[in-house]
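The lines below spell out each chain.
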Amino acid sequence: MDAIHLAEEHMRALLVPSGSIDLSPVEHLLRQLGVTPTRARDDEAAITAFHLSPYPLVLVGMDEAGDRIVLVRALRACPRGTQASLVLVARPEQVEKLQPLLEAGADDFLLLPLDEASATLRLRLAERRSAERPQPLPDDFELDGLCAVLLRESPVPTCITTREGSAFVEVNDACTRLFGYSREEMLWRTAKDLNLWETPLEPDRLSALFQEQGVLRGVESRVRSKDGEMHHVLIYSGIAEYAGTPHVVTMFPDLTERKQMQARLLLSDRMASVGTLAAGVAHEINNPLAYVTANLGYAHEELVRLLERGTAAPPDSAPATHPLKAVCVALGEALDGADRVQTIVGDLKTFSRDTQEPLRAVDVKKVLDRTLNLASGEIRHRAKLVKEYGEDVPLVRGNDSRLGQVFLNLLVNAAQAIPSDGDADHHEIRVRTHLVSPGKVSVEVSDTGAGIAPELMGRIFDPFFTTKPPGVGTGLGLSICHNLIHAMGGEMHVRSDLGRGTTFQVLLPSATTAMEQAGPEPRPGVSSAGGPRGRVLVIDDEPMLCTAVERILRPHHDVVYTTLAAEVLPRLEAGEHFDLILCDLMMPKMNGMDFHAALQRLRPELTGRVIFLTGGAFTAQAKTFLERVPNRRVEKPFNARALLAVAREVIATVS
């Protein structure tokens with residue numbers, strides 16, 4: 001009886017008409033071949049009829065638009081849809097529209113007008129194809145025993161698919177959690193139907209590997225869940241008997257968290273390396289910049305004095321034709337340029353500092369200004385920059401390095417949200433600070449860019465989520481910023497209007513306790529002129545810096561300088577007197593730390609007279625040393641007036 005029933009089933013065909021295709025010739029040919037055709041009224045009726053009594057052969061007429069993908073996928077998604085042969089009926093001018101339908105699950109096509117010999121052969125092949133495909137599982141079939149336990153309880157996403165058509169016939173709970181679909185949504189549908197692969201070419205790549213090797217062992221791939229989130233997975237596939245028929249068993253261990261952790265570690269290492277490199281570069285720039293600034297300052301002040309003597313009037317009121325007036329102006333401009341370089345290097349040093357520094361009182365306006373200097377190249381070609389700094393904004397409790405990192409990220413994001421079409425006058429990036437409550441300061445970065453879609457707003461702080469194209473962003477910036485602000489006791493919020501722009505708001509606690517208040521920036525407390533004349537030792541491995549310092553101090557003090565710290569130790573051991581020792585911190589051979597230790601042994605009374613010249617303490621040893629010793633330090637580059645003031649203050653104390 002089963003054989004007779006099966007033969008009868010193979011003699012049935014379902015015809016799905018369309019407004020532009022006449023299926024009468026196909027229906028006539030089917031009757032000649034002994035096949036009983038049944039016409040469906042429309043697509044919905046066809047799907048209902050197929051659900052009630054699946055047909056081994058389905059012929060679908062193309063419509064004018066050629067858009068029959070929904071119908072083809074719906075038929076394939078039916079419980080026995082993978083067993084049927086789906087044949088398209090089209091006109092010759094519609095051939096180019098057939099490829100997407102064949103990829104969606106159609107098996108073959110017939111062209112009108114029919115060539116009876118060719119059409120007969122294709123229909124017989126369709127009948128054979130349906131007969132040779134694995135029989136669908138009984139409706140009441142369930143796994144039992146060990147296989148059921150392994151599949152159901154396994155934490156590894158696992159599925160069973162048909163060898164022909166790759167339709168899901170069983171999935172475990174881990175698989176539904178990975179892809180975000182329910183079991184009912186996945187059964188009898190294919191990965192292509194559910195758009196689970198990252199690219200359309202991925203199933204072809206995996207299929208070729210499977211055919212070549214017979215199995216897949218740990219092939220790395222990326223799959224897409226129902227909500228569009230991408231997951232890194234390893235694919236293990238093999239042939240196994242299921243319900244008496246060979247099927248494909250596939251496991252998808254999820255590597256997403258491991259990949260994210262690896263990316264975080266790589267990013268952390270990269271940021272640490274960049275920080276070290278930045279500090280080293282800042283140190284190397286500061287050394288020559290120090291004597292450039294010192295010499296320019298010295299030359300400018302000397303020229304000002306000459307002009308004052310020659311004209312008995314300030315330089316600004318000297319005759320415009322005075323031959324030295326233009327030189328004085330040029331030196332002043334050069335000093336301004338050196339100051340700008342100094343500011344940029346200072347900004348670079350800020351971002352290279354250890355982010356584990358303790359929290360203290362920070363002026364957000366100064367941090368913003370430094371950050372804006374760094375981001376200016378990204379901003380100026382895209383938008384106008386508007387700064388609104390509130391006058392009542394107090395110091396905040398935070399870390400200038402971490403805040404600099406956060407503000408830089410927000411500013412770069414704001415700039416990248418605006419098209420780089422050269423129309424900067426029509427766009428704006430606004431930086432605003434204000435006091436929102438007695439204990440909370442708000443810093444806002446707003447742009448007039450594309451904005452963020454409402455459905456994405458809840459995910460922008462998630463690690464690895466980004467709306468930027470590949471290669472532009474990692475999706476970690478905002479996540480890291482959010483964590484940094486939260487660690488400082490602050491909050492981070494965003495509001496956006498799609499097509500009009502976005503505003504990121506950083507809320508920070510104000511510094512209220514006496515211990516948190518930052519001390520004033522070091523300023524010369526006394527005039528640079530006058531005071532007792534002293535004897536000064538200068539130790540720096542940059543000869544031109546030594547001569548620049550000697551040139552500045554010589555009118556007021558007796559100066560001895562050397563480029564090798566070890567050379568001066570015998571003189572100190574012999575009792576040579578110095579009122580002040582200016583010593584570079586980072587030098588080859590004997591550095592400032594080694595010199596300080598040697599001085600502690602030979603002449604401990606002189607250790608308090610050492611002032612360290614530093615272009616940046618970029619090693620852990622140097623940072624620890626400066627935290628441990630109470631000696632004053634002068635940051636390179638320095639100006640002549642400040643150096644004279646510090647020298648006079650120390651020498652006056654010694655005297």
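Remember, it's a predicted structure, so these values are computed and weren't measured experimentally.

Trainee: Let's hear about the overall build of the chain: which residues, and what values?
Mentor: Helix and strand counts for the chain come out as 20 helices and 22 strands. Counting all 655 residues of the chain, 44% fall into the buried class. A separation threshold of at least 6 residues defines the contact pool for the chain, and within that pool the share at least 24 residues apart is 64%. A total accessible area of about 33,300 Å² is found for the chain, and carbon and sulfur atoms account for 54% of it.

Trainee: Mind laying out the state of the cysteines, listing which residues take part and the relevant values?
Mentor: Across all of its chains, the model carries zero disulfides by this definition. Left unpaired, Cys159 is separated from the closest cysteine sulfur, that of Cys175, by 5.0 Å. Residue Cys159 is classed as buried on the basis of its relative accessible area, which comes to 2%.

Trainee: I'd love a proper account of helix 6 (residues 116-132), names of residues and values included.
Mentor: Given a rise of 1.5 Å per residue, 17 residues ought to cover 24 Å, and the 24 Å separating the end C-alpha atoms of helix 6 matches this to within 8%. Within the sequence span of helix 6, burial applies to Ala119, Leu123, Ala126 and Ser130. Buried residues along helix 6 cover an arc of 55 degrees about the axis, so they all sit on one side. Of the exposed residues in helix 6, the ones pointing more than 90 degrees away from its buried face are Ala117, Leu121, Arg128 and Glu132. Contacts made by the buried residues of helix 6 are with helix 2 (24-32), strand 3 (57-61), strand 4 (85-90) and strand 5 (108-111).

Trainee: Can you lay out the packing of helix 16 (residues 543-553) against helix 20 (residues 640-654) for me, pointing to particular residues and giving the numbers?
Mentor: A pair of packed helices is captured by two measures, namely the crossing angle of their axes and the spacing between those axes. Where helix 16 meets helix 20, the closest approach of the two axes is 10 Å, and the angle between their N-to-C directions is 70 degrees. Comparing the axis directions of helix 16 and helix 20 gives the class roughly perpendicular. You can see that helix 16 and helix 20 cross each other, and the crossing is right-handed. Along its contact with helix 16, which presents Val549, Ile552 and Leu553, the element helix 20 presents Ala640, Leu643, Leu644 and Ala647. Class assignment of the residues belonging to the contact of helix 16 with helix 20 gives a composition of seven nonpolar, no polar and no charged.

Trainee: An account of the sheet that holds strand 1 (residues 12-16) is needed here, citing residue identities and associated values.
Mentor: If you trace the five strands from one edge of the open sheet to the other, you get 2-1-3-4-5, paired in parallel fashion. Both outer strands of the open sheet, strand 2 (36-39) and strand 5, are each paired with one neighbouring strand and no more. Geometrically, the sheet is characterised by an average inter-axis angle of 25 degrees between neighbouring strands, direction not taken into account. In this structure, strand 1 lies alongside strand 3, joined through four bridges in parallel fashion. The partner of Ala13 across the bridge, within strand 3, is Leu57. Across the face of the sheet, helix 4 (residues 69-77) comes into contact with strand 1, strand 3 and strand 4 while running at roughly 165 degrees to strand 4.

Trainee: Can you explain the pairing of strand 2? Please cite residues and give values.
Mentor: Of the pairings in the sheet, the one linking strand 1 to strand 2 comprises four bridges and is parallel in character. Residue Ala13 lies in a different strand from strand 2, and its bridge partner there is Pro37.

Trainee: Pulling in residues and values, what's your account of the pattern of salt bridges?
Mentor: Two side chains that carry opposite charge are able to pair once their charged atoms sit near each other. Across all of its chains, the model carries 31 salt bridges by this definition. Notably, a salt bridge pairs Arg91 with Glu93, separated by 2.7 Å at the nearest N-O pair. Its relative accessible area of 51% is what places Glu93 among the exposed residues. In this structure, Arg500 engages Asp497 in a salt bridge whose closest nitrogen and oxygen atoms are separated by 3.6 Å. A single salt-bridge network, built from bridges that share partners, covers Glu388, Glu428, Arg430, Arg432, Glu444 and Arg495.

Trainee: Got a sec to walk through helix 19 (residues 620-628)? Specific residues and values, please.
Mentor: For helix 19, every residue scored as buried is listed here: Ala622, Phe625 and Leu626. Angularly, the buried residues of helix 19 cover 95 degrees about the axis, an arc narrow enough to put them on a single face. For helix 19, the exposed residues lying more than 90 degrees away from the buried face are Ala620, Glu627 and Arg628. Of the surrounding secondary structure, the elements contacted by the buried residues of helix 19 are helix 18 (592-602), strand 21 (610-614) and strand 22 (633-635).

Trainee: Lay out the packing of aromatic side chains in plain terms, naming residues and giving numbers.
Mentor: Here a ring pair, both rings aromatic, is described through the centre-centre distance and the interplanar angle of the planes. Considering all chains together, one arrives at two aromatic pairs under this definition. Between the aromatic rings of Phe179 and Phe252, the centroid separation amounts to 5.5 Å while the plane-to-plane angle is 85 degrees, which identifies the pairing as edge-to-face. One end of the pair, Phe179, is in helix 8 (residues 173-179); the other, Phe252, is in the loop between strand 10 (245-251) and helix 11 (256-311), and 73 residues separate them in sequence. No difference in accessibility class separates Phe179 from Phe252, as the two residues are buried. With a centroid separation of 5.4 Å and 80 degrees between ring planes, the pair formed by Phe612 and Phe625 is classed as edge-to-face. Of this pair, Phe612 sits in strand 21 while Phe625 sits in helix 19; the two residues are 13 residues apart in sequence, bridging distant segments of the chain. According to the relative accessible area criterion, Phe612 is buried, its value standing at 0%. Exposure remark for Phe625: the relative accessible area of 4% places this residue in the buried category.

Trainee: Please set out the nonpolar core residue by residue, giving values where relevant.
Mentor: Leu14, Leu30, Phe50, Leu57, Val58, Leu59 and Leu123 are the most contacted members of the largest nonpolar core, which has 39 residues in total. It is strand 4 that contributes the most residues to this core, five residues altogether. Counting residues in each nonpolar core, the second largest holds 35 residues, with Ala375, Val431, Leu484 and Phe504 among its members.

Trainee: Could you give an account of the environment of Ile480, with specific residues and numbers?
Mentor: Within the element layout of this structure, Ile480 appears in helix 15 (residues 477-487). In this structure the C-alpha to C-alpha distance between Ile480 and Val406, which are 74 residues apart in sequence, comes to 8.2 Å.

Trainee: Outline a negative patch on the surface, listing residues and values.
Mentor: Together, Asp227, Glu229, Asp254 and Glu257 line one region of the surface with negative charge. Take Glu229: it is sitting in the loop between strand 8 (216-224) and strand 9 (230-242).

Trainee: Which residues make up the sheet that holds strand 18 (residues 535-539), and what values do they have?
Mentor: Ordered in space as 19-18-20-21-22, the five strands form an open sheet in which the pairing is parallel. Of all strands in the sheet, those with a lone pairing partner are strand 19 (558-562) and strand 22, marking the two edges. When the angles between neighbouring strand axes are averaged without regard to direction, this sheet yields 20 degrees. Note that strand 20 (residues 580-584) and strand 21 share four bridges and pair parallel. Paired with Cys583 across the two strands is Phe612, which belongs to strand 21. Relative to the sheet, helix 16 contacts strand 18, strand 19 and strand 20, its axis offset from that of strand 19 by approximately 175 degrees. Lying over the sheet, helix 18 contacts strand 18, strand 20 and strand 21, oriented at roughly 145 degrees with respect to strand 20.

Trainee: Kindly report on unusual backbone geometry, identifying the contributing residues and their values.
Mentor: A cis geometry characterises the amide bond from Leu112 onward to Pro113, with omega recorded as -5 degrees. Structurally, Pro113 can be placed in the loop between strand 5 and helix 6. Between Lys636 and Pro637 the backbone carries a cis peptide bond, its omega angle lying at -5 degrees. On the secondary structure map, Pro637 appears in the loop between strand 22 and helix 20. Even without glycine at this site, Asn195 takes up a positive phi of about 55 degrees. Along the chain, Asn195 falls in the loop between helix 9 (183-186) and helix 10 (202-213). Phi at Lys589 takes a positive value of approximately 60 degrees, unusual for a residue other than glycine. Judged by its relative accessible area of 76%, Lys589 is exposed.

Criteria and thresholds
- Residues numbered from 1 in each chain as written.
- Predicted model: local features only at pLDDT ≥ 70, side-chain atom pairs only at ≥ 80, totals over all residues.
- Heavy atoms only, no water.
- Helix = DSSP H or I, 4+ residues; strand = E, 2+ residues; numbered from the N terminus.
- Buried < 20%, exposed > 50% of the residue type's maximum accessible area, 1.4 Å probe, protein only.
- Contact = heavy atoms within 4.5 Å.
- Areas by Shrake-Rupley, 256 points an atom, 1.4 Å probe, with all protein chains shown as cover.
- Disulfide = S-S within 2.5 Å.
- Expected span 1.5 Å × (residues − 1).
- Arc of directions from axis to C-beta.
- Axes fitted to C-alpha atoms, helices over the stretch in contact; angles between N-to-C directions.
- Parallel < 35°, antiparallel > 145°, perpendicular 65-115°, else oblique.
- Left-handed = near helix turned anticlockwise from the far one by under 90°.
- Nonpolar A, V, L, I, M, F, W, Y, C, P; charged D, E, K, R; others polar.
- Pairing = 2+ DSSP bridges.
- Salt bridge = Lys/Arg side-chain N within 4 Å of Asp/Glu carboxyl O.
- Phe/Tyr/Trp six-rings, centres within 6.5 Å; stacked < 30°, edge-to-face > 60°.
- Core = buried A, V, L, I, M, F, W, Y, C linked by side-chain atoms within 4.5 Å.
- Patch = residues over 30% accessible without salt bridge, like charges linked within 9 Å, V, L, I, M, F, W, Y side chains within 5 Å.
- Lys, Arg positive; Asp, Glu negative; His and termini not counted.
- Charge placed at Lys NZ, Arg CZ, Asp CG, Glu CD.

Structural measurements only, silent on function.
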